[in-house]
Amino acid sequence: MAVSYKDLGLVNTREMFKKAMEGGYAIPAYNFNNMEQLQAIIQACVETKSPVILQVSSGARKYANQTLLRYMAEGAVKMAAEMGYPIPIALHLDHGDTYELCVSCIESGFSSVMIDGSHLPYEENVALTKKVVEYAHKYDVSVEGELGVLAGIEDEVSAEKSSYTRPEEVEDFVKKTGVDSLAISIGTSHGAAKFKPEQCTRTADGVLIPPPLRFDILEEIEKRIPGFPIVLHGSSSVPVDAVKIINSHGGKLKDAVGIPEDQLRKAASMSVCKINIDSDGRLWFTAAIRELFDEKPAEFDPRKYLGPARSKLVEMYKHKNINVLGSAGKA
Ligand code: G3H
Ligand code: 13P
Ligand code: ZN
């Protein structure tokens, strides 16, 4: 039976984005697949009084079970309220690839969906996105579309080469589709290895500095659709410390380079209202578990290794909200 996100205590993204645009900050969109990640996101966002978008990919939905997910989201709303500060929480489908998937998510309590037609020819992207918007808006669910292709390979997202968003297309796309927000490609990419070392400059201590984001393209887009909420995918910073811990405890992460935090801060102060972060959580979670197993090889109680990993995530999400996205105190 269909359930409305409103009955679960969730909100769509419209009000969040309006306030973020006016306030010069971005709403965190954190991906989750399991209970510990969700607990960490809620704890960090309540403690920093930040609105949040809980983001679920189709792979995550399969992994967690769609029925369980609905109750997890409802539980997250209740957990925040019990902690004494009921922050606005949206449940969002990340990289939805079909109309049917978007409908299924809306029927199971999602308050926002992304329809990612970025790999399609322009007119097909318009048609698919418009169809999703027409359905979603009947239920007051917000829709994110995408123009331009991000590089990076993950379960459900895969592209060898990026192509920047063409500013000349955005106005027509937004007008024809009726989307509530637009994901763009200005140099971010998915995963932990966002750039090849030869694309980066290297500091004296060996840290790779990636090429800057294309703020000129963002500015051009802003001129064409002023005040329209923009979304940045692929926005993990790939912290050097997490990568070092992983690699010094048996891991083998090669060429891990992310988006510098100051670049994200700048984007958040512009028209970027939603910043997607998944890989950084994966990295810190893995780092904490690897370290613990190395130090306590006899440990076999999952709470003893997932608990510290969860604490590390809380710390990381709080840092992002306070120092990078600027969403702390905005709930
Ligand atoms: O952008 C994609 C997200 O990081 C989700 O990744 O499809 O492996 O769950 P996933
Ligand atoms: P990262 O891989 O940089 O965390 O990006 C996540 C993302 O864009 C989810 O849609
Ligand atoms: Zn993405």
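Above this note sits the structure.
Residues numbered from 1 in each chain as written. Chains lettered and ligands numbered in written order. Predicted model: local features only at pLDDT ≥ 70, side-chain atom pairs only at ≥ 80, totals over all residues. Heavy atoms only, no water.

Looking at this structure, I do not really get the site of ligand 2. What am I missing?
Taken together, 17 residues are adjacent to ligand 2, and D94, K194, S236, D278 and S279 come closest. Within the contact set of ligand 2, an oxygen atom lies 2.7 Å away from a backbone nitrogen or oxygen of G234. Between ligand 2 and the protein, one listed contact pairs an oxygen atom with a backbone N or O atom of S235 at 3.2 Å. For ligand 2, the protein covers 98% of the area, taking 300 Å² as the surface of the free molecule. Among the elements of the structure, β3 (89-96) and β12 (272-277) are those that each provide at least two residues to the shell around ligand 2. The class makeup of the residues in the shell around ligand 2 is one nonpolar, twelve polar and four charged. (Near = heavy atom within 4 Å. Polar contact = N/O pair within 3.5 Å; in protein donor to acceptor, adjacent residues only side chain to side chain. Areas by Shrake-Rupley, 256 points an atom, 1.4 Å probe, with all protein chains shown as cover. Helix = DSSP H or I, 4+ residues; strand = E, 2+ residues; numbered from the N terminus. Nonpolar A, V, L, I, M, F, W, Y, C, P; charged D, E, K, R; others polar.)

Is there a simple way to explain the nonpolar core in this structure?
A general feature of soluble globular proteins is that nonpolar side chains tend to end up buried together. Core analysis: the biggest nonpolar cluster contains 96 residues, and F32, L54, I89 and L182 have the highest contact counts within it. Each residue touching F32, except ones within four places of it in the same chain, is listed here: Q37, L38, I41, L54, Q55, V56, A60, L69, M72 and L91. Ranked by size, the runner-up nonpolar core spans nine residues in total, among them M16, Y25, I53 and C273. (Core = buried A, V, L, I, M, F, W, Y, C linked by side-chain atoms within 4.5 Å. Buried < 20%, exposed > 50% of the residue type's maximum accessible area, 1.4 Å probe, protein only. Contact = heavy atoms within 4.5 Å.)

Would you explain the sheet that holds strand β8 (residues 181-184) in this entry?
Strand pairing in a sheet relies on backbone hydrogen bonds, with the paired strands running either antiparallel or parallel. Sheet architecture is closed into a barrel: eight strands sit in the order β1-β2-β3-β4-β5-β8-β11-β12, paired in parallel fashion. Taking the axes of each pair of neighbouring strands and ignoring which way they run, one obtains an average angle of 25° across the sheet. Judged from the six bridges that link them, strand β2 (residues 52-57) and β3 form a sheet pairing that is parallel. Its bridge partner being in β3, I53 is matched across the sheet by A90. With respect to the sheet, helix α6 (residues 122-138) is in contact with β4 (112-115) and β5 (142-147), its orientation differing from that of β5 by roughly 175°. Its contacts with the sheet put helix α12 (residues 302-325) on β1 (27-31) and β12, and the angle it makes with β1 is roughly 150°. (Pairing = 2+ DSSP bridges. Axes fitted to C-alpha atoms, helices over the stretch in contact; angles between N-to-C directions.)

For this particular structure, what's the right way to read the pattern of salt bridges?
If the charged atoms of two oppositely charged side chains come close together, the side chains can form a pair. Here the structure, examined in full by the defined rule, presents 19 salt bridges. For R224, the salt bridge identified is with E220, shortest N-O distance 3.4 Å. Here R224 pairs with E220, and both are found in helix α8 (residues 215-224), just four residues apart, close to one helical turn. The exposure class of R224 is partly exposed, given its relative accessible area of 33%. We classify E220 as partly exposed; its relative accessible area is 27%. Overlapping salt bridges, with partners in common, bring together K6, R14, D140 and D180 in one network. (Salt bridge = Lys/Arg side-chain N within 4 Å of Asp/Glu carboxyl O.)

What is the right way to read the packing of aromatic side chains from this model?
In this description, a pair of aromatic rings is defined by centroid distance and the angle of the planes. According to the stated counting rule, one finds five aromatic pairs in the structure shown. Seen in terms of ring centroids, Y135 and Y139 are 5.1 Å apart; in terms of plane orientation they differ by 45°. Their pairing is tilted. On the basis of relative accessible area, Y135 is assigned to the buried category, the value being 13%. Judged by relative accessible area, Y139 falls into the partly exposed class, the value being 44%. With centroids separated by 4.6 Å and ring planes inclined at 55°, the aromatic side chains of F293 and Y305 adopt a geometry described as tilted. On the criterion of sequence distance, the pair formed by F293 in helix α11 (residues 279-295) and Y305 in helix α12 is long-range, its members being twelve residues apart. (Phe/Tyr/Trp six-rings, centres within 6.5 Å; stacked < 30°, edge-to-face > 60°.)

Help me understand the side chain of H92 in this model?
Within the secondary structure layout, H92 lies in strand β3. At 3.4 Å, the side chain of H92 and the side chain of E144 are in polar contact.

Just checking my understanding: could you explain α8 for this structure?
For α8, every residue scored as buried is listed here: F215, I217, L218 and I221. The buried side chains of α8 occupy one side of the element, clustering within an arc of 155° when seen end-on. Those residues of α8 that are buried lie in contact with α7 (167-177), β8, β11 (230-232), α10 (261-269) and β12. (Arc of directions from axis to C-beta.)

For this particular structure, what's the right way to read unusual backbone geometry?
Most peptide bonds are trans, and most residues other than glycine sit at a negative phi. Here V238, not a glycine, exhibits a phi torsion of approximately 50°, which is positive. If you trace the backbone, V238 turns up in the loop between β11 and α9 (240-248). Since its relative accessible area comes to 4%, V238 is described here as buried. Although it is not a glycine, D255 adopts a positive phi angle of roughly 50°. Structurally, D255 can be placed in the loop between α9 and α10. A relative accessible area of 34% means that D255 is categorised as partly exposed.

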